[in-house]
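Architecture and fold: a report
For reference, the chains in residue letters:
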Amino acid sequence: WKTPKVIFVNSMSDLFHENVPLSFIKDIFEVMKKANWHTFQILTKRSERLKMFAPKIEWPDNVWMGVSIESQMYMYRIDHLRAVPSAVRFLSIEPLISKIDKMNLKGIDWVIVGGESGPKARKLEQEWVIQIKNICEKYSVPFFFKQWGGTRKHKNGRSLLGKTWDNMPVPKN
């Protein structure tokens with residue numbers, strides 16, 4: 001018995017980009033299904049396309065699907081994600097660039113929060129992160145705080161309220 005390895009699918013691109021044909025997406029899913037000893041995490045900003053293609057894709061249990069949300073303006077992506085029959089549905093709220101005070105997490109299994117990093121990184125406010133953590137607690141959704149970000153993200157660390165938050169979802173299947 002081995003602990004499954006988590007693999008991020010195309011971490012610097014988007015599988016649901018408009019230039020990626022459905023046939024290619026299906027091929028990727030078939031490979032992930034065959035590699036069932038791994039857990040694959042797919043993240044997209046193209047939630048409309050994800051929702052449109054979701055019924056046409058066979059969703060293996062080892063594929064976790066997520067959408068990126070940077071601010072309150074992108075909450076509609078959560079509704080699109082709910083329509084996806086993934087074993088785990090997650091939100092990547094990073095880079096968090098403004099306050100999010102309303103969020104319905106019904107049907108969501110995991111929330112990851114992080115700040116922007118790099119030379120022009122915008123500041124992440126602690127109150128924004130705590131607000132999301134509190135929403136996760138209200139819905140009993142695991143909360144993972146990835147980083148504060150900034151120009152020196154490693155120096156800024158990932159401690160929130162004196163501890164690290166590494167909660168992970170329990171897959172349904």
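Please refer to the structure higher up on the page.
Now for a description of the structure that goes with this document. If you're wondering where the values come from, they're calculated on a predicted model, not measured in any experiment.

**As for the pairing of strand 4 (residues 88–93)**
Counting buried positions along strand 4 yields six of six residues, so the element is predominantly enclosed. Both strand 3 (residues 63–68) and strand 4 contribute to a ladder of five bridges, which runs parallel. Note on strand 4: the bridge partner recorded for Trp64 is Val88. Taken together, strand 3, helix 3 (residues 76–82) and strand 4 constitute a β-α-β crossover, and its handedness is right-handed. Across four bridges, strand 4 lies against strand 5 (residues 110–114) in parallel orientation. Across the sheet, residue Leu91 finds its bridge partner in strand 5, namely Val111.

**Looking at the pattern of salt bridges**
Within this structure, the stated rule accounts for eleven salt bridges. A salt bridge links Asp166 to Arg158; its shortest N-O distance comes to 2.4 Å. Judged by relative accessible area, Arg158 falls into the partly exposed class, the value being 25%. Taken together, the shared-partner salt bridges connect Asp14, Glu18 and Arg46 into one network.

**Details of helix 1 (residues 22–34)**
Taking 1.5 Å of rise per residue, 13 residues should cover 18 Å, and helix 1 covers 18 Å from first to last C-alpha, within 8% of that figure. All of the buried residues in helix 1 are Ile25, Phe29 and Met32. Buried residues of helix 1 fall within an arc of 60° about the axis and therefore sit on the same side. Facing away from the buried side of helix 1, by more than 90 degrees, are the exposed residues Val31 and Lys34. Tucked inside the fold, the buried residues of helix 1 contact strand 2 (38–44), helix 2 (47–53) and strand 3.

**Points about the nonpolar core**
If you look at the biggest cluster of nonpolar residues, it comprises 43 residues, and the most contacted ones within it are Phe16, Phe29, Leu91, Ile93, Met103, Val111 and Ile132. With five residues, helix 4 (residues 126–139) is the largest single contributor of residues to this core. Those residues in contact with Ile93 that sit more than four places away from it in its chain are Ile69, Ile100, Met103, Val111, Ile112, Val113, Gly114 and Ile132. Counting residues in hydrophobic clusters, the runner-up holds six residues, among them Trp64, Val88, Phe90 and Ile112.

Criteria and thresholds
- Residues numbered from 1 in each chain as written.
- Predicted model: local features only at pLDDT ≥ 70, side-chain atom pairs only at ≥ 80, totals over all residues.
- Heavy atoms only, no water.
- Buried < 20%, exposed > 50% of the residue type's maximum accessible area, 1.4 Å probe, protein only.
- Helix = DSSP H or I, 4+ residues; strand = E, 2+ residues; numbered from the N terminus.
- Pairing = 2+ DSSP bridges.
- Right-handed = clockwise from strand over helix to strand, strands pointing away.
- Salt bridge = Lys/Arg side-chain N within 4 Å of Asp/Glu carboxyl O.
- Expected span 1.5 Å × (residues − 1).
- Arc of directions from axis to C-beta.
- Contact = heavy atoms within 4.5 Å.
- Core = buried A, V, L, I, M, F, W, Y, C linked by side-chain atoms within 4.5 Å.

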